[in-house]
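Summary of the model geometry
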Amino acid sequence: MVFDYIDGAAGEELTARRNRAAFQHVLLKPEVLVDVSTRSSRTRLFGQDVAMPLVIGPTGLNGAAWGHGDLCIARVAARANIPFVMSTAATVGMREMDAAAGRLRWFQLYMLKDRGLATEFLKQIASYRFDVLQLTVDTAVGGRRNRDIRNGFTLPFRWTMANLVDAARHARWALQMARHGVPTLKVFADLLGGAAQGSTISDVMQQQISASFSWSDIQWLREQWDGKLVLKGLTTPTHARLAREVGADGAVVSNHGGRQLDGAGSTIEMLPAFRESAHDMTVLIDSGFRTGVDIAKAIALGADGVQLGRATLYGLAAKGEPGVARALEILGHEFDLAIALCGARTVEEMRGRYTISESRHLSEL
Ligand SMILES: Cc1cc2nc3c(=O)[nH]c(=O)nc-3n(C[C@H](O)[C@H](O)[C@H](O)COP(=O)(O)O)c2cc1C
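As a starting point, this report considers the structure included with it. (Residues numbered from 1 in each chain as written. Predicted model: local features only at pLDDT ≥ 70, side-chain atom pairs only at ≥ 80, totals over all residues.)

A tally of regular secondary structure across the chain gives 15 helices and 12 strands. In terms of overall size, the chain behaves like a compact globule, its C-alpha atoms giving a radius of gyration of 20 Å where 365 residues would be expected to give roughly 21 Å. Taken over the C-alpha atoms alone, the chain extends approximately 60 × 50 × 40 Å along its principal axes. Burial status across the chain gives 48% buried among its 365 residues. Pairs at least 24 apart in sequence give 73% of the contacts found in the chain among residues at least 6 apart. (Helix = DSSP H or I, 4+ residues; strand = E, 2+ residues; numbered from the N terminus. Rg over C-alpha atoms; globule rule 2.2 N^0.38 Å. Buried ≥ 20, exposed ≤ 12 C-beta atoms within 10 Å, placed from the backbone. Contact = placed C-beta atoms within 7 Å.)

Shown next, in the form of structure tokens:
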């Protein structure tokens, strides 16, 4: 059930599959006889030096994959010198995260229905020195994730016969849960003063998240938050223009890994037009990134950086902290090789080193 929670997506999972398939139509341009003996993957995001154009994006309920999963990811990100975005749906509190997090502290916000509580929340986030805030905007309503419904993946866990058999067949995982306790939405619980419960994870979120928050309300958020403000879940050129108009510093081109609107296009196919409308706004992208070559393609198409969702979660679920580190190591190595073979010595030199497959134009995908 935990694998399905991570791996699954909304509806028929068409968008999740398209996120992967679309990469086939972006081709990198190899370059030869260029001196690439000295090169670097370093770049800057929101004025911060980072080791690679890579961010570990926000994912909720990380404690279900590994005991204190959020802390494992935060420690690896700190050592690798890349940002980690703590989720509003984290299974550890901000105080615990404070001890594990490094210099690059980003936070993902789900806009709460209660503005008073939201203001209080923003103050707490700032007090823990998170300086980049990603407001997730593609979750006005929760996606229908059939695998979670089928598995009875609920909060708190319901010990159905099928789930007991599942746990018994995964003894290491069951032991972890026994040691660390069944994960709860700790950030929510701290804020609301009680455990958040519901029939599925998306139901829990729905009870608290505002479905009415709209473009005109972003001004309010802008006034409450002094740090960098990023809108996560934008896809179209109009979104990019509106984001600039409301004073956002950046955007994450994202379809939530196909977990929200099944039937939406892939993000990599949306990127060129989005980049053009975004002008000097920082543009990050996620959804479907699994290899360093995927990352190189996004950089070639103009993204400033790539956010990871499942790629690092698979590592976390397989082996905890070393698993996350190994996932990053593989991605970093693949990215370095890809840019070198494209004749690029820096992230900047990688720009434009792509062609779109002749058989399918990206916009016709
Ligand atoms: C298990 C899981 C939990 C997620 N939880 C959150 C969340 O709490 N907040 C959020 O903004 N996005 C969340 N996302 C979406 C990711 O931030 C990201 O947009 C998505 O995973 C990217 O697609 P990928 O997994 O194919 O890389 C979650 C994704 C997964 C797989």
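Positioned with a positive phi, Arg-129 is a non-glycine residue whose angle comes to about 65°. Among the secondary structure elements, Arg-129 is positioned in the loop between α5 (115–127) and β7 (132–136). Within the chain, His-256 stands out as a residue other than glycine whose phi angle is a positive 65°. Note that His-256 resides in the loop between β9 (250–253) and α13 (267–278). Here His-256 falls in the buried class, since 23 other C-beta atoms lie within 10 Å of it.

Around the ligand lies a shell of 25 residues, among which Gly-60, Thr-136, Gly-257, Gly-309 and Arg-310 are the nearest. Elements with a contribution of two residues or more to the shell around the ligand: α1 (2–7) and α15 (310–341). Ranked by the residues each element gives to the shell around the ligand, the list is headed by α15, at 3 residues. (Near = placed C-beta within 6 Å.)

What follows covers the packing of helix α3 (residues 69–80) against α15. At a minimum axis separation of 9 Å, α3 and α15 run at an interaxial angle of 15°. Classified by the angle between their axes, α3 and α15 sit roughly parallel to one another. Helix-helix and strand crossings are classified by hand; for α3 and α15 the assignment is left-handed. Residue-level contacts link Gly-69, Cys-72, Ile-73, Arg-75, Val-76 and Ala-80 of α3 to Thr-312, Leu-316, Gly-320, Glu-321, Val-324, Ala-325 and Leu-328 of α15. (Axes fitted to C-alpha atoms, helices over the stretch in contact; angles between N-to-C directions. Parallel < 35°, antiparallel > 145°, perpendicular 65-115°, else oblique. Left-handed = near helix turned anticlockwise from the far one by under 90°.)

For helix α12 (residues 237–245), every residue scored as buried is listed here: His-239, Ala-240 and Ala-243. Relative to the axis of α12, the buried residues are bounded by an arc of 100° and lie together on one face. With respect to the buried face of α12, the exposed residues turned more than 90 degrees away are Thr-238 and Glu-245. (Arc of directions from axis to C-beta.)

So, about the pairing of β9. Looking along a regular strand, one sees side chains alternate from face to face of the sheet. Burial along β9 is two-sided: Gly-250 and Val-252 and Ala-251 and Val-253, pointing in opposite directions, are all buried. Relative to β9, strand β8 (residues 228–234) runs parallel, the two sharing 4 bridges. By the bridge assignment, Val-230 is partnered in β9 with Gly-250. For the crossover from β8 across α12 to β9, the handedness is right-handed. In this sheet, strand β10 (residues 282–285) lies alongside β9 in parallel orientation, the contact comprising 4 bridges. In the strand pairing of β10, Gly-250 is matched with Thr-282. With α13 bridging β9 and the parallel β10, this β-α-β connection has right-handed handedness. (Pairing = 2+ DSSP bridges. Right-handed = clockwise from strand over helix to strand, strands pointing away.)

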